[in-house]
Amino acid sequence: MTSSDLDGVSPDELLRADRAGRRFGEVVAVEDVTMSVRRGEVVGLLGANGAGKTTLIRMLLGLIATSTGEVALLGGPPDRERRSRLGYVPQGLGLYGDLTVRENLAFSAQAYGASAPPLPEALRTAADRLVTALPLGLQRQLAFVCALAHDPLVLVLDEPTSGVDVLARAALWDTIHEQAERGVGVLVTTHAMQEAEQCDRLLLMSRARLVAQGSEADIIGATTAVAVRTDDWARAFAVLNEAGQPAMLAGRDVRVVDADAGRVRQILSDAGLRAEVVAVPATIEERMRVLAGA
Amino acid sequence: MRAMIVKEFRELSRDRRTLAMLIGMPLLLLVIFGYAANFRVPTVTAAAVGPGASQLATTLPSSFFDVTRIEPSGTRADAERLLKDNTVDVAIVTGRQPALALVDGSNLFASQAIVSVLNTFGDKVSSQILYNPDLKTSWVMVPAIIGLILTFIGTIVTSIGLVRERETGTLEQLAVMPIRPSTVILGKISPYFLVASLDMVVITGLGMLLFSVPFNGNGFVFALGAALFLFVVLGLGVLISTISQTAGQAIQTAFMFLLPQILLSGMIFPLDAMAAGVRWIGYLLPLTYFTMISQGVMLRGASLTSLWLPFVMLAVMAVVVFSGATLRFRRDLAPGRRHRHAAVTSGADARRDVTHATDAERNRR
């Protein structure tokens, strides 16, 4: 893709939701979400399972209607013409298992009116193999190649790295960043908080609502956690929880988010536990717990 | 063990399709075999032609012969035309000794009953069976089986093919692609249409080769009838796919569509022999009308004009079923794809969302 391709698109916001909401009967799946994805931006949509990420994506893609508010793709409704500039990798990959790698790519490219690009090296040797016979990492790579075959302006990736090994995950993120550098707006959903650092900006969803957005540092803000290092971590964990301090395990460290270090130290001391107690910046996952609790 | 049994009952009570098969199917079979499984044709339609037509009509036992046409000026050719057009089951030509009863052999059980009754007339009436002189079952069954095979491909195979898109998650990818829903539907069913057409040609050819079934009519009329019928059954296949989440559900539902077609279309049990209470079901089934066309064209050489009723019925069914299936499939492909630019939610919109949620829930079941 060249920069001139993007210049033809007037809106800086490639994807936008404005107070968008969606109800299924009595169930509120998404409520009052306002967000956007701009050119060259990698936006991470984070949240636990059932937080409303997939419903929001389906609204942005035009697969389901909004119950309230509005969504826009490339500055307008996500109609057929605008979707032709969109690349989408669903969680299930959307590949045909009974077709070969080459056939899948040919179909996808033709559906978007493009010609199939050359396969990357890793897939070239498997070009005539059925997709069902490929390892998951290669399947994900193929799904990416299919989504990029028509030079999209927007990429929407639903859990793109789910179930792949560390190396394959790194390669997929490299691809995502390459696209962003070329001006493509990328929206990535994930529930793996450690992938947050790969994104330029994060959107945090909890219980159908967008509870925070910004960079990782913006979202974490002044939230801190108390890290407890002790030999008897299992007992420390139990004691803190009994005392109403919601503790989490991080390796053999016990962490209590949004807690007072002095209070934690006191609880452990009362229980006769020797521990090193330090106040540290919270992680994005810990901040999420705070926001979800709120 | 107890936990397993309780779990099984709980699952079963929530599986509406299996419940329908467990409860509905025995009832259906009972009704069908009680009221429809009857090979004895109680009455037949008859025509009397020739100078003695009026007199003959009064002498025929009305308990069996329902004389619907009396044509004193008619000839043997007129009698044959009445049979060819399926206007009557038997046409008796008078003005000669003995009178000649021309019997429509394409209506197997009726013609067997007619011959049996005519034999009691002694030498007053001679009989001649047309279109299936040896009253071979295979001659009547092969045209009907062509329809059954098309039904099988149209409903079961097509619905499985479409449901597989949903099962593997590719339906969502198709929905995102800039392809029109109508293109997706046509692209999906075209291969099945072609395969079914090829199957039809092969089965017809094999039927003619192996069982010496004649093909007396116009191939174009036959092909037109088959195409219309294929649209109906392919539409049924698409419709089944929209109410099924898995291939297993699709097969179950297609089977429920298929069984009545086999039993009540007149393919096995003659429609005329069925009790009126179940016969009307047969007249709602597309296979009934395709069998009329295929038997009519292959055995009697019937023309498009004389087969207007089954053609019209199939055309109406094709439009209704295919339109319904297409609309439902479009909704599956783009459920409630409405793009709002005003942050206003009307009551109607809210109701539609509830409907979608209810439909999704129903589909899951």
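Since the model is a prediction, treat every value here as computed from it, not as a measurement. (Residues numbered from 1 in each chain as written. Chains lettered and ligands numbered in written order. Predicted model: local features only at pLDDT ≥ 70, side-chain atom pairs only at ≥ 80, totals over all residues. Heavy atoms only, no water.)

**Q** It is not clear to me how the overall build of chain B should be interpreted in this structure. Could you clarify?
**A** For chain B, the count of helices and strands is 14 helices and 5 strands. For the C-alpha atoms alone, the extent of chain B along its principal axes is close to 85 × 50 × 45 Å. Among the 365 residues that make up chain B, the fraction classed as buried is 48%. Taking the average place of the 31 positive charges on the side chains of chain B and the average place of its 22 negative ones, the gap between the two points comes to 8 Å. (Helix = DSSP H or I, 4+ residues; strand = E, 2+ residues; numbered from the N terminus. Buried < 20%, exposed > 50% of the residue type's maximum accessible area, 1.4 Å probe, protein only. Lys, Arg positive; Asp, Glu negative; His and termini not counted. Charge placed at Lys NZ, Arg CZ, Asp CG, Glu CD.)

**Q** Help me understand the sheet that holds strand β1 (residues 13-24) of chain A in this model?
**A** Adjacent strands of a sheet form backbone hydrogen bonds with each other and so pair up, either parallel or antiparallel. Residue and element names in this part refer to chain A. An order of β2-β1-β4 is seen for the 3 strands of this open sheet, with the pairing classed as antiparallel. A single partner strand is all that each edge strand has here, and the edge strands are β2 (27-38) and β4 (68-73). Each strand of the sheet is rotated relative to its neighbour by a mean of 20°, with strand direction disregarded. Where β1 and β2 come together, 8 bridges link them in antiparallel fashion. When the bridges of β2 are listed, R22 appears paired with V30. Sitting on the sheet, helix α2 (residues 53-60) is in contact with β1, β2 and β4, with an inclination near 120° to β1. (Pairing = 2+ DSSP bridges. Axes fitted to C-alpha atoms, helices over the stretch in contact; angles between N-to-C directions. Contact = heavy atoms within 4.5 Å.)

**Q** I tried to follow the domain arrangement of chain B on my own but got confused; where do I start?
**A** How big an interface is tends to be expressed through the accessible area that disappears when the partners come together. All names here are of chain B. One can read the domain layout of chain B as domain 1 (44-130) and domain 2 (138-337 + 346-364). Computed over C-alpha atoms, the centres of domain 1 and domain 2 are 37 Å apart. Taken together, the contact between domain 1 and domain 2 spans 11 residues of the former and 10 residues of the latter. Taking both partners together, domain 1 and domain 2 bury about 770 Å²; carbon and sulfur atoms supply 54% of that area. A per-residue breakdown of the area domain 1 buries against domain 2 is headed by K84, S106 and F109, which together make up 60% of the total. Across the domain 1-domain 2 interface, the total number found is 0 salt bridges. For the side of domain 1 that touches domain 2, the elements supplying multiple residues, two or more each, are α4 (76-84) and α5 (108-118). By residue class, the composition of the side of domain 1 that touches domain 2 is 3 nonpolar, 4 polar and 4 charged. (Domains from an automatic or database assignment. Buried area = accessible area lost by both parts, 1.4 Å probe. Salt bridge = Lys/Arg side-chain N within 4 Å of Asp/Glu carboxyl O. Nonpolar A, V, L, I, M, F, W, Y, C, P; charged D, E, K, R; others polar.)

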